[in-house]
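Tertiary structure, described
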Amino acid sequence: MSRFLAVSLFIASLVGSCSDKFVSTSMETLAAAQGAIVQAQSTHQAQCVANPQVQVCQIITRAVASQNTAVSALEAYCQLPVAPDPATIQSKGTMPCTPVPTAKQALVDALANLSTIISEYKQYSAGGKSS
Amino acid sequence: MTILQIIQLALAASQSVLAGLQKSGAPEEIISEIGAAIKGLTNAQDKAANLAELESLRTENLW
C-alpha cells in the first residue's frame, strides 16, 4: 500500500501542471491511505484502546491526523468548505473544484507526510520497529 | 443520485459505445466524436468534486 502511495505521489508530481488530474489522483491517494489506516486500526484495536501510548498506536494516531489534514488541504485547494458540518455538505452537494495554485504545495506536503507515516506503519508491522 | 454519479454513468456508457463502434468498424469520424465526448466527461468528472465524498475520506481516531 505504501508503495502505491509513493507511486501516486510521484505521478501527482509529474502531472502537476494538470490540476484536474492532480485532484483525482489526490483523492485516490487519500482513499488508499484511508483503507490502510482503517485496516491498521482494526488490527491493533484492542491493544491501542488498552494503551494508546504504545508506539504503533501513536503511529496510527498520527496517520489519522495526517489523513484529515490532507482532506482539509484538498478542500482548501479546491475552494470547497473546509471540514463542513452535515448541513453544509447536504446543501452544497457537488461543487466544482476550482484549484487555488497557491494552495497546491500545502496539499502536496500533506500527502507526502501522510505517505511517510503510512510507510512508517508498514515498516513497523513488517517487523522493522521504526524508531 | 449526485451529479458526479450521473457523470460517471455517462462516462461508463460512452466508453461502452466507443468499444462497440470500434468493434463494428465504424468510421473514424464517428469514433473521434465519441472519443471527444469521453474526454469532456472525464474532465467534468474530475471537476465535480463531491464534498460528501471528500468528507468521507476523513478518518476517526478510535482511541
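This text follows the structure it describes.
Residue numbers restart at each chain and count upward from 1, following the sequence in its written direction. By the order in which they are written, chains take letters starting at A while ligands take numbers starting at 1. Whole-chain, interface and lining totals are the exception, using all residues; otherwise, since this is a predicted model, local features are given only for residues with pLDDT of at least 70 and side-chain atom pairs are given and counted only at 80 or more. Water and hydrogen atoms play no part in the side-chain values, which are based on all heavy atoms of the structure.

Residue and element names in this part refer to chain A. When two cysteine sulfur atoms lie within 2.5 Å, the pair is treated as a disulfide. Within this structure, the stated rule accounts for 2 disulfides over all chains. Here C48 is linked by a disulfide to C57, with a sulfur-sulfur distance of 2.0 Å. An S-S torsion of about -85° defines the bridge between C48 and C57 as left-handed. Just as C48 is buried, C57 falls in that class too. Each sulfur in the disulfide pair C78 and C97 lies 2.1 Å from the other. Negative torsions about the S-S bond denote left-handed disulfides, and the value of about -75° found for C78 with C97 makes this one left-handed. With a gap of 19 residues between them, C78 in the loop between α3 (55-77) and α4 (86-92) and C97 in the loop between β1 (94-96) and α5 (104-128) connect regions that are remote in the sequence. Across this residue pair, the class does not change: C78 and C97 are buried. For chain A, the disulfide bridges join cysteines in the arrangement 1-2, 3-4, where the cysteines are counted in sequence order. When a residue's accessible area, from a 1.4 Å probe over protein chains only, is under 20% of the maximum for its type it is buried; when over 50% it is exposed; and in between it is partly exposed. Secondary structure elements follow DSSP: runs of H or I of four or more residues count as helices, runs of E of two or more count as strands, with numbering from the N terminus.

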